[in-house]
Amino acid sequence: MSKVNELRRKASDAVRGREYDRAIELYKRICKLEPSNGTPCNELGDLYLKTGNTPDAIESFSLSARLYSDFGLRNNAVAVYKKILRHDPNHLDSRWGLADIRREQGMEAEASTGFLDFLARVEQVPEAGREVFFRQCTELMEKMSDDLEILSRLEEIYRTQGRGDDVARVLIAKATQAHIE
């Protein structure tokens with residue numbers, strides 16, 4: 001029996017015996033042995049929830065969703081992002097990830113709604129995360145350049161944040177879109 005399978009067996013036994021702390025330690029080892037597999041990270045997140053440790057659960061779920069997405073298991077990633085949002089509705093990375101997957105899947109209306117939800121939380125972005133948020137806004141303008149509602153929301157955000165150059169880029173994108181239509 002492989003080392004991972006043996007650890008899984010022990011972890012399952014620990015869960016059945018409600019030895020959640022022991023199961024968590026075993027799942028951490030499994031995650032290290034299978035760093036590109038999202039499933040053990042997802043299962044570890046579930047164990048963290050059982051112990052009331054929501055922050056570590058969300059961290060584990062976030063890694064799981066990214067791994068699933070990177071491996072092309074988009075539906076698995078969607079399920080994990082939705083799980084995260086049930087426990088933290090303001091988790092920006094999950095809002096972004098879910099909307100981006102929907103865009104990749106060609107579900108433009110759902111993607112648009114997801115990205116607008118992401119943008120609606122601009123006031124909740126901590127100062128330390130502003131640079132990343134605005135990089136994502138720039139990326140969003142490129143990805144959803146044909147969505148006038150998103151462009152208008154970006155323009156509003158940039159105006160309130162005093163980002164004149166970004167406002168100009170949005171206005172150019174809006175004018176380009178108007179010309180195409």
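The text that follows walks through the structure, step by step, so that each part is easy to find. (Residues numbered from 1 in each chain as written. Predicted model: local features only at pLDDT ≥ 70, side-chain atom pairs only at ≥ 80, totals over all residues. Heavy atoms only, no water.)

**Remarks on the packing of helix H7 (residues 108–120) against helix H8 (residues 130–143)**
No. 1: Where H7 contacts H8, the two axes come as close as 12 Å, and the packing angle between them is 150 degrees. The orientation of H7 with respect to H8, classified from their angle, is roughly antiparallel. The two elements H7 and H8 meet at a crossing, and its hand is left-handed. Here Phe115, Phe118 and Leu119 of H7 lie close against H8, whose contacting residues are Phe133, Gln136, Cys137 and Leu140.
No. 2: Grouping the constituent residues of the contact of H7 with H8 by class yields 6 nonpolar, 1 polar and no charged. (Axes fitted to C-alpha atoms, helices over the stretch in contact; angles between N-to-C directions. Helix = DSSP H or I, 4+ residues; strand = E, 2+ residues; numbered from the N terminus. Parallel < 35°, antiparallel > 145°, perpendicular 65-115°, else oblique. Left-handed = near helix turned anticlockwise from the far one by under 90°. Contact = heavy atoms within 4.5 Å. Nonpolar A, V, L, I, M, F, W, Y, C, P; charged D, E, K, R; others polar.)

**Here's the deal with a positive patch on the surface**
No. 1: Taken together, the side chains of Lys3, Lys10, Arg22 and Arg29 present a region of like positive charge at the surface.
No. 2: Counting residues per element, the ones that place at least two in the positive patch are helix H1 (3–16) and helix H2 (20–33). (Patch = residues over 30% accessible without salt bridge, like charges linked within 9 Å, V, L, I, M, F, W, Y side chains within 5 Å. Areas by Shrake-Rupley, 256 points an atom, 1.4 Å probe, with all protein chains shown as cover. Salt bridge = Lys/Arg side-chain N within 4 Å of Asp/Glu carboxyl O. Lys, Arg positive; Asp, Glu negative; His and termini not counted. Charge placed at Lys NZ, Arg CZ, Asp CG, Glu CD.)

**Observations concerning the pattern of salt bridges**
No. 1: Tallying each qualifying case throughout the model produces 19 salt bridges.
No. 2: The shortest N-O distance in the salt bridge between aspartate 13 and arginine 9 comes to 2.9 Å. With aspartate 13 and arginine 9 both in helix H1 and 4 residues apart, the pair spans about one turn of that helix.
No. 3: For lysine 143, the salt bridge goes to glutamate 139, with nearest N and O atoms at 2.7 Å. Of this pair, lysine 143 and glutamate 139 both sit in helix H8, 4 residues apart, which is roughly one turn of that helix.
No. 4: Judged by its relative accessible area of 32%, glutamate 139 is partly exposed.
No. 5: Look at the salt bridges and you will find they share partners, linking Glu6, Arg9, Asp13 and Arg16 into a network. (Buried < 20%, exposed > 50% of the residue type's maximum accessible area, 1.4 Å probe, protein only.)

**Concerning unusual backbone geometry**
No. 1: At arginine 18, a position not held by glycine, the phi torsion is positive, near 60 degrees.
No. 2: Of note, arginine 18 is situated in the loop between H1 and H2.
No. 3: A residue is classified by how much of its surface remains accessible, and arginine 18, at 65% relative accessible area, is exposed.

**Topic: the layout of surface pockets**
No. 1: Taken as a whole, the largest pocket spans an internal volume of roughly 250 Å³.
No. 2: Taken together, Lys28, Cys31, Lys32, Cys41, Leu44, Tyr48, Asp56, Glu59, Ser60 and Leu63 make up the full set of residues lining the largest pocket.
No. 3: Among the secondary structure elements, those contributing two or more residues to the lining of the largest pocket are H2, helix H3 (38–50) and helix H4 (54–70).
No. 4: Ranked by residue count, the leading element in the lining of the largest pocket is H4, at 4 residues.
No. 5: The calculated volume of the second largest pocket comes to roughly 190 Å³.
No. 6: Along the walls of the second largest pocket sit Ser62, Arg66, Ser69, Asp70, Tyr81, His91, Asp93, Ser94, Trp96, Gly97, Asp100 and Gln136, which together make up its complete lining.
No. 7: Top element by residues in the lining of the second largest pocket is helix H6 (residues 92–104). It accounts for 5 residues. (1 Å grid on protein atoms, 1.4 Å probe; cavity = no way out; pocket = protein on both sides within 12 Å on 5 of 7 lines; lining within 4 Å. Points joined across faces, edges and corners; volume = space filled by probe spheres on them.)

**What to know about the packing of H7 against helix H9 (residues 148–160)**
No. 1: One can describe the packing of H7 onto H9 by two numbers: an axis separation of 10 Å at closest approach and a directional angle of 10 degrees. Classified by the angle their axes make, H7 and H9 are roughly parallel. Where H7 abuts H9, its residues Ser112, Phe115, Leu116, Leu119 and Ala120 lie against Glu149, Ile150, Arg153, Leu154 and Ile157.
No. 2: Here the residues of the contact of H7 with H9 sort into 7 nonpolar, 1 polar and 2 charged.

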